[in-house]
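Given next are the chains, with one letter for each unit.
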Amino acid sequence: SQKIEQNSEALNIQEGKTATLTCNYTNYSPAYLQWYRQDPGRGPVFLLLIRENEKEKRKERLKVTFDTTLKQSLFHITASQPADSATYLCALDMGWGGATNKLIFGTGTLLAVQP
Amino acid sequence: DAMVIQNPRYQVTQFGKPVTLSCSQTLNHNVMYWYQQKSSQAPKLLFHYYDKDFNNEADTPDNFQSRRPNTSFCFLDIRSPGLGDAAMYLCATSGRGSNEKLFFGSGTQLSVL
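Numbers given to residues run from 1 along each chain, matching the order in which its sequence is written. Whichever chain is written first becomes A and whichever ligand is written first becomes 1, with later ones labelled in order. It should be noted that, the model being predicted, local features are given only for residues of pLDDT at least 70 and side-chain atom pairs only at 80 or more, the latter also being counted only at that level, while totals for whole chains, interfaces and linings use all residues. Side-chain measures were taken over the full set of non-hydrogen atoms in the model, leaving aside hydrogen atoms and water.

1. Considerations on the interface of chain B and chain A
- Residues are treated as being in contact if the distance between any of their heavy atoms lies within 4.5 Å. Contacts between the two partners involve 27 residues from chain B and, on the opposite side, 24 residues from chain A.
- Across the chain B to chain A interface the summed buried area is about 1,900 Å²; carbon plus sulfur atoms make up 54%.
- Any Lys or Arg side-chain nitrogen found within 4 Å of a carboxyl oxygen on Asp or Glu counts as a salt bridge. Taken together, the links from chain B to chain A amount to zero salt bridges.
- Within 3.5 Å is the distance limit for a polar contact, defined as a pair of N or O atoms, with the added protein rule that one can donate a hydrogen and the other accept it, and that residues adjacent in sequence qualify only through two side-chain atoms. Across the chain B-chain A interface, the total number found is six residue pairs in polar contact (both at pLDDT 80 or more).
- Listing elements by their share of the side of chain B that touches chain A, those giving two or more residues are β4 (31-37), β5 (44-50) and β9 (87-94) of chain B.
- It is β4 of chain B that provides the largest number of residues to the side of chain B that touches chain A, a total of four residues.
- Classifying every residue of the side of chain B that touches chain A gives 11 nonpolar, 11 polar and five charged. Defined here as a combined quantity, buried area equals the accessible surface (1.4 Å probe) lost by two parts on assembly, summed across both. Put simply, DSSP marks the helices as runs of H or I at least four residues long and the strands as runs of E at least two long, and each gets a number from the N terminus on. Each residue gets one of three labels, nonpolar for Ala, Val, Leu, Ile, Met, Phe, Trp, Tyr, Cys and Pro, charged for Asp, Glu, Lys and Arg, and polar for the others, Gly among them.

Here it is as structure tokens:
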């Protein structure tokens, strides 16, 4: 069956450390993978997109890797801050083409950065 | 600022009483989506519109319907809400294309009594 798995346990880290979140998937062949941040009671907010032929993407303190052989994406936040505390969702974009993209989301990992 | 607006933020309805959730956008995006998200679960796509073309997910219950009268507005109708339909309903938009990011509204939290 098709699955997207993110760390179900909350990730607690100390301010200033690097947070690493994992997204594993099975029986999918996504063309793109996206990461979103979701705060309690709010809608997700887009962070980064990485294509299947890209190994790594960076944006400020954020870095995403995409390994299609391992079927895994890693999401890193360097120099983490308490304001980074939120749930982070990965989403597979199957790239069905045409005019729309349908994202399939993981359940998310709750990150808590302690001051 | 261009954005996706959902009303109301919180909606309480009674078991079996029809309810409508609304979404509007100022981004002029072709595509609008409705997702259902239950507590600690992944957002689940219910359906989406590309312009006026409606695309239903295979496992979306018949109890859920949608209308898009124009580019800016989209509605989610739940004909006979059950207790299991209590969830956060998220509206999102995207531009045309297969690698577009989604812009989400703040969601409507639906309670069914």
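2. Observations regarding the state of the cysteines
Residue and element names in this part refer to chain B.
- Here, two cysteine sulfur atoms that lie within 2.5 Å of each other are counted as a disulfide. Throughout the structure, instances matching the rule amount to two disulfides over all chains.
- Between the sulfur of Cys23 and that of Cys91 lies a disulfide, 2.0 Å long from S to S. Between Cys23 and Cys91, the S-S torsion sits near -75°, and that sign places the bridge as left-handed. Of this pair, Cys23 sits in strand β3 (residues 19-25) while Cys91 is found in strand β9, placing the two residues 68 residues apart along the sequence.

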